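Descriptive structure summary
So you can see what is in the structure, the chains are spelled out below.
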Amino acid sequence: MKNNIYCLFLLIISVGTVSGQNLKNESVLKHYMPLYLDIPAEMNVRKGYKEINVAGGYASFRDFKGQRALVEYDFAPTNRLGFEIEMPFVFVQEKHMITEKGLDDVIVPEEGGTPESANALRLGVNYALYSSPEYKTSVSVGFFNELEFTPFKHFGHPLFEGNVYNPFVAVAKVFGTRLHTMIYTGTATKHSFEHQKLATAVRFNTILAYRYGKGTRESFLGIESNQTWSGHEAGQMVLRPQIQAWITEKWKLGFVYSVPVATANQLQASGFCRVIYSVN
């Protein structure tokens, strides 16, 4: 909890500092947003931005497999400041009996890495601290707060079993007119309400994407690298090649496939599809 308050304080100080600077340059620098571990809204978001995402996928682990779904709404009440409301759901089936030790294999799961079905309420905020169309570079900071409901078979007893605090910083740069890059990193601290314990993992994500298409009819081919380290686990790394395809001015379709490189939770394979609708 102290870490959470400290990160919020730093975020507020950063936002207040930038707000006092001259932000008259209204040209918008666009960056590719990762499809798997995304950030709220988008970098350099403009006032009135609204977007709805509906997604689904699957994941297969050594001991269990499952399906994942989410509904997400992003919006921006003012320039540079974006918010996200997300409801992720995970439905899991055990492949065989799992020991109690297996329940704690993953501190902060990114694939629903627990042998019990669960869902959560995820709230996020993102603010663009710096954006330079001249250098094609942007920097933003943000925060996710994820309230974890109890698994479905114990739902409501109690209602919530934990909370995940996730401050982050993202730096993005466009090389030329088509090559998009991003480094997106932060910590994820899980607070268990039952045991009153905190467990922290460090996340480091990189994104490389190539834009093709003309004008607003742009699509992307990219690869997302998600790495996680925590106190008593070996580091985890998953590569996620992806494609975001332009359908119409308001509709986009994204596909993600996971290639495990090193995983403590024995991820074998997973896939993900995201339908994106621009409201405005």
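Below or above, wherever it landed, is the structure these notes cover. (Residues numbered from 1 in each chain as written. Predicted model: local features only at pLDDT ≥ 70, side-chain atom pairs only at ≥ 80, totals over all residues. Heavy atoms only, no water.)

Here we take up the pattern of salt bridges. Should their charged atoms come close, side chains of opposite charge can pair. Counted by the stated rule, this structure contains eight salt bridges. A salt bridge links arginine 122 to glutamate 84, with the shortest nitrogen-to-oxygen separation between them at 3.9 Å. Of this pair, arginine 122 sits in strand 4 (residues 118-132) while glutamate 84 sits in strand 3 (residues 81-94), and the two are 38 residues apart along the sequence. When sorted by exposure, arginine 122 lands in the same class as glutamate 84, which is buried. (Salt bridge = Lys/Arg side-chain N within 4 Å of Asp/Glu carboxyl O. Helix = DSSP H or I, 4+ residues; strand = E, 2+ residues; numbered from the N terminus. Buried < 20%, exposed > 50% of the residue type's maximum accessible area, 1.4 Å probe, protein only.)

This next bit is on the nonpolar core. By size, the foremost hydrophobic cluster in this structure holds 21 residues, and its most contacted members are Tyr32, Ile39, Met43, Met182, Tyr184 and Phe272. Those elements that place two or more of their residues in this core are strand 6 (160-175), strand 7 (179-192), strand 8 (197-214) and strand 12 (267-278). Residues in contact with methionine 43, not counting those within four places in the same chain, are Leu29, His31, Met33, Asn126, Ser138, Val139, Ser140, Ala170, Ala172 and Met182. (Core = buried A, V, L, I, M, F, W, Y, C linked by side-chain atoms within 4.5 Å. Contact = heavy atoms within 4.5 Å.)

According to the stated counting rule, one finds eight aromatic pairs in the structure shown. Measuring from ring centre to ring centre gives 5.8 Å for tyrosine 36 and phenylalanine 272, while their planes differ by 75°; the resulting arrangement is edge-to-face. Here phenylalanine 272 lies in strand 12 and tyrosine 36 lies in the loop between helix 1 (2-19) and strand 1 (50-61), a separation of 236 residues in the sequence. Residue tyrosine 36 is classed as buried on the basis of its relative accessible area of 5%. Note on phenylalanine 272: relative accessible area 7%, which makes it buried. With 4.6 Å between their ring centres and 45° between their planes, tryptophan 251 and tyrosine 277 make a pair best called tilted. One end of the pair, tryptophan 251, is in strand 11 (residues 251-262); the other, tyrosine 277, is in strand 12, with 26 residues separating them in the sequence. Residue classification places tryptophan 251 among the partly exposed positions, given a relative accessible area of 41%. Assessed through its relative accessible area of 25%, tyrosine 277 is described here as partly exposed. Among the aromatic side chains, those forming a connected cluster through ring pairs are Tyr73, Phe75 and Phe83. Here lysine 173 stacks its cationic end above the ring of phenylalanine 175, 5.3 Å away from the centre of that ring. (Phe/Tyr/Trp six-rings, centres within 6.5 Å; stacked < 30°, edge-to-face > 60°. Lys NZ or Arg CZ within 6 Å of the ring centre and 35° of its normal.)

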